[in-house]
Amino acid sequence: MSSTSLLPYLDLAPGAPPVLHAKSAADAASWAAEHRDPLRALVLEHGCVLVRGLGLADPGSAEAVFRRLADGLMPDREPFAPRRRYADGVYSSTKWPPNQQMCMHHEVSYGLEFPGLLLFACLEAPGAGGATALADASAVLRDLPRELVSRFEREGWLLTRAYHDDIGASVEEAFGTDDRATVERYCRRHAIEFAWQGGGSLHTRQRRGAVLRHPDSGLPCWFNQIAFLNEWTMEPEVHEYLVDMYGADGLPFNTRFGNGDPIDADVVRTINEVYDAHTVREPWQDGDLLLVDNMRTAHSREPFEGPREVLAALGDPVLRADGEVSGV
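Since the structure is predicted, the reported quantities are computational estimates derived from the model, not experimental observations.

Novice: Before we go on, may I ask you to explain the pattern of salt bridges in this structure?
Specialist: Opposite charge on two side chains lets them pair, provided their charged atoms get close. Scanning all chains against the criterion turns up 19 salt bridges. Across the salt bridge formed by aspartate 76 and arginine 83, the nearest N and O atoms sit 2.9 Å from each other. By the burial criterion, aspartate 76 is buried, and arginine 83 matches it. A salt bridge links arginine 269 to aspartate 266; the nearest nitrogen and oxygen atoms lie 2.5 Å apart. Highlighted residues: arginine 269 and aspartate 266, both in helix 9 (residues 265–277), separated by three residues, approximately one helical turn. For arginine 269, a relative accessible area of 43% gives the class partly exposed. We classify aspartate 266 as partly exposed; its relative accessible area is 48%.

What follows is the structure, given as structure tokens:
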């Protein structure tokens with residue numbers, strides 16, 4: 001079955017992601033299995049697709065659909081905030097204050113291994129806000145200042161992290177264990193510099209490329225979390241509190257230019273302004289499914305009111321090298 005068979009049910013509207021209206025989807029898992037290839041073709045073409053009408057209402061039905069659409073699900077490693085685990089490879093959305101914007105980013109773009117496909121299922125839509133907004137990473141790359149892009153292409157970007165038990169992800173939550181020898185082996189395998197601090201805190205540094213070429217389309221993509229994980233994206237009062245508590249070098253996360261130079265607030269603002277210019281959104285409805293090409297498309301989570309339950313799966317693991325990627 002080709003993607004053209006789904007075109008009569010596909011809405012392409014300015015300012016919104018492609019929305020596909022599922023027909024005769026009484027059994028969501030069977031429908032996903034039957035339409036797997038055309039769905040994935042639509043994701044490759046558009047970078048994302050929202051499927052409406054599947055009626056996903058519980059973690060079991062969401063997991064069944066995820067497993068039929070992905071080549072494989074991967075565990076969440078090196079998260080910057082905790083998640084609830086529902087099943088192997090199936091998680092809650094990242095725990096993030098509902099009144100705060102979660103800025104545009106690419107999932108695990110700081111890892112040597114990252115998901116090529118993201119799958120989201122909305123079990124309960126919020127009363128207001130809470131959209132998972134999206135932005136085309138190749139368009140963002142095109143519209144960023146050339147000098148800035150050139151520097152990041154030359155140097156890459158540096159992520160620094162400090163793991164604390166009382167804020168952000170702990171060592172055990174990030175690495176799946178608090179055994180020092182196991183954590184150190186993981187860091188060495190994944191090109192992460194590490195240093196244990198007094199009291200058992202861990203500080204890490206990892207340098208990654210900021211621009212990657214998509215393995216299927218060949219498109220160069222702005223692929224990183226430079227703005228999102230930078231100190232200047234934090235709310236000012238949160239930033240002040242964390243610096244007072246842990247010092248400037250003890251922030252739970254921060255980003256720098258690849259040579260270690262600090263990134264100033266103007267750079268972060270510029271990146272986020274370009275993201276804003278390319279952002280599309282569609283409010284969640286109960287039962288929705290969203291597929292996102294994690295390299296081609298950045299995503300965010302907007303502030304919301306009321307309960308919101310969106311499950312996530314990290315699919316199709318990808319290995320990265322300097323500027324190049326390959327399937328696992």
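Novice: Would you mind going over empty space enclosed by the protein with me for this structure?
Specialist: Over the atoms, a rolling probe the size of a water molecule traces out where space has been left empty. Summed over the entire model, instances satisfying the criterion amount to four cavities of 30 Å³ or more. Space inside the largest cavity adds up to approximately 140 Å³. Taken together, 14 residues form the lining of the largest cavity, with Ser93, Thr94, Met102, Phe120 and His299 sitting closest to its centre. Mapped by element, the contributors of at least two residues to the lining of the largest cavity are strand 6 (102–105), strand 18 (297–301) and strand 20 (309–321). Partitioned by chemical class, the residues of the lining of the largest cavity number four nonpolar, six polar and four charged. One number sums up the size of the second largest cavity: a volume of about 60 Å³. Its residues assigned to classes, the lining of the second largest cavity shows five nonpolar, two polar and three charged.

Novice: Just to check I follow, could you spell out the packing of aromatic side chains for this structure?
Specialist: The description of an aromatic ring pair uses the distance of the two centres, along with the angle that the planes make with each other. Evaluated as defined, the whole model comprises nine aromatic pairs. Each ring, one from phenylalanine 80 and one from tryptophan 96, has its centre 5.9 Å from the other, and the planes form 90°; the classification is edge-to-face. Of the two residues, phenylalanine 80 is situated in the loop between helix 3 (59–69) and strand 4 (85–87) and tryptophan 96 in the loop between strand 5 (90–92) and strand 6; the sequence distance between them amounts to 16 residues. Ring centres of tyrosine 163 and phenylalanine 175 lie 5.4 Å apart, and the angle between their planes is 55°; on these two criteria the pair is classed as tilted. Residue tyrosine 163 is found in strand 10 (residues 157–163), and its partner phenylalanine 175 is found in helix 6 (residues 171–175); the two are separated by twelve residues along the sequence. Here tyrosine 163 and phenylalanine 175 have matching classes, each one buried. The structure contains a cluster of three or more aromatic residues connected by ring pairs, namely Phe80, Trp96, Phe228 and Phe253. The ring of phenylalanine 304 carries the charged tip of arginine 308 above its face, separated from the ring centre by 5.6 Å.

Definitions and limits used
Residues numbered from 1 in each chain as written. Predicted model: local features only at pLDDT ≥ 70, side-chain atom pairs only at ≥ 80, totals over all residues. Heavy atoms only, no water. Salt bridge = Lys/Arg side-chain N within 4 Å of Asp/Glu carboxyl O. Buried < 20%, exposed > 50% of the residue type's maximum accessible area, 1.4 Å probe, protein only. Helix = DSSP H or I, 4+ residues; strand = E, 2+ residues; numbered from the N terminus. 1 Å grid on protein atoms, 1.4 Å probe; cavity = no way out; pocket = protein on both sides within 12 Å on 5 of 7 lines; lining within 4 Å. Points joined across faces, edges and corners; volume = space filled by probe spheres on them. Nonpolar A, V, L, I, M, F, W, Y, C, P; charged D, E, K, R; others polar. Phe/Tyr/Trp six-rings, centres within 6.5 Å; stacked < 30°, edge-to-face > 60°. Lys NZ or Arg CZ within 6 Å of the ring centre and 35° of its normal.

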